[in-house]
Structure formats: C-alpha cells, structure tokens
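Given next are the chains, with one letter for each unit.
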Amino acid sequence: MTDLYAFIKPGDPDKSILILNVHPSFRLDSPEPTTSEPFKTGALYEIKIDTNGDAVADLGCSVQFASLGDGTQTATVRRLQCMRAGSVDEQGEVIVQQAPVSVGKEALVTQVGDFRFFFVGAAILSFSM
C-alpha cells in the first residue's frame, strides 16, 4: 500500500470517498511493474473505519481480485460491519462481484445501489460509501 485518501463527497456530506493506492511491483525501485497483473490475485485489501472514536473498527471494506488469465482482472468487494469489521474476514456482505479492473486510461465504473467503484490497472481502488 502506498497511499490512502479519505474525504467527504463534495455536495453530499453523508457520503465518503476512499481511495487506496498500491504499488503493483515486487520491487519498489523498478521503473516498470514486475507483475503482469496490477493487483495480487487472492490477496485481501482492507480498509477499516472507526466511526465512534473508540479505536475499534466499526465498518470495513475488503477487496479481492481474480485473474481472468488474459492479463485482465475482476474485483469482489465486501462490506464488514460490527464485530466482523475488526477482524480479517472474507465473509462480509458482497457489495459487488466480478467488477472489471480497468487496464487502459479509461476507468470502468461499476455502480451498485449507492456505491460506485472503479479499479484502475495502475493499482488504484476508489469507491464512494
């Protein structure tokens, strides 16, 4: 993980925007990616949020990526709440399954209800909660 950004959605203070950047290479000093896929297949990327200031996660979001075998990937996003939010858990409520990961310059946005997600091959996860 290289960066995490969290901010209130402009024009809608009841929603937040979270952006997580990860480096797609095994070596941080490599001028080019050392992997053929931007996200580690099967790895669990998690963001945990404390909503009441007690230093315990109350809400969490986990993302796992799958390979389609041709250099493209899909993402599955789960929401974790209450007790599950504080643990490593692959069982949360599935918000989006098999969303496409963008590998070009144009983001492929997946919208499910009030949630919007896009996963960019440069290893950026972005979503509104």
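Look above for the structure.
Cut-offs applied
Residues numbered from 1 in each chain as written. Predicted model: local features only at pLDDT ≥ 70, side-chain atom pairs only at ≥ 80, totals over all residues. Heavy atoms only, no water. Helix = DSSP H or I, 4+ residues; strand = E, 2+ residues; numbered from the N terminus. Buried < 20%, exposed > 50% of the residue type's maximum accessible area, 1.4 Å probe, protein only. Polar contact = N/O pair within 3.5 Å; in protein donor to acceptor, adjacent residues only side chain to side chain. Contact = heavy atoms within 4.5 Å. Pairing = 2+ DSSP bridges. Phe/Tyr/Trp six-rings, centres within 6.5 Å; stacked < 30°, edge-to-face > 60°.

K.L.:
What am I meant to see in the side chain of Gln73 here?
P.N.:
Tracing the backbone shows Gln73 in strand E5 (residues 73-81). By relative accessible area, which is 2% here, Gln73 ends up buried. Among the polar contacts listed, one links the side chain of Gln73 to the backbone oxygen of Phe39, at a separation of 2.7 Å. Apart from residues no more than four positions distant in its own chain, Gln73 is found in contact with Glu37, Pro38, Phe39, Thr41, Phe65, Ala66, Ser67, Ala99, Pro100 and Val101.

K.L.:
Would you mind going over the pairing of E5 with me for this structure?
P.N.:
Counting buried positions along E5 gives seven out of nine residues, so the element sits mostly inside the fold. In this sheet, E5 lies alongside strand E4 (residues 59-67) in antiparallel orientation, the contact comprising nine bridges. The partner of Val63 across the bridge, within E5, is Val77. In this antiparallel pair of consecutive strands, E4 and E5, the connection spans five residues, and Gly69 shows a positive phi of 90°. Looking at chain direction, E5 and strand E6 (residues 93-102) are connected through five bridges and run antiparallel.

K.L.:
What should I look at first to understand the side chain of Gln64 in this one?
P.N.:
By secondary structure assignment, the location of Gln64 is in strand E4. Within the structure, the side chain of Gln64 is placed 3.1 Å from the backbone oxygen of Gly42, a separation counted as a polar contact. Side chain to side chain, Gln64 and Arg78 meet in a polar contact 3.5 Å long.

K.L.:
I tried to follow the packing of aromatic side chains on my own but got confused; where do I start?
P.N.:
Centre distance and the angle of the planes are the two values used to describe a pair of aromatic rings. Applying the stated rule across the entire model yields four aromatic pairs. Aromatic side chains Phe39 and Tyr45 sit 5.9 Å apart centroid to centroid with 90° between the ring planes, which places their arrangement in the edge-to-face category. Using a relative accessible area of 15% as the deciding quantity, one classes Tyr45 as buried. Summarising the aromatic geometry, the rings of Phe39 and Phe65 are spaced 4.0 Å apart at their centres and angled 5° between planes, so their arrangement reads as stacked. With Phe39 in the loop between strand E2 (12-21) and strand E3 (44-49) and Phe65 in strand E4, this residue pair connects regions lying 26 residues apart in the sequence. Since its relative accessible area comes to 1%, Phe39 is described here as buried. Take Phe65: its relative accessible area is 4%, and that puts it in the buried class.

These values are about where atoms sit, not about what they do.
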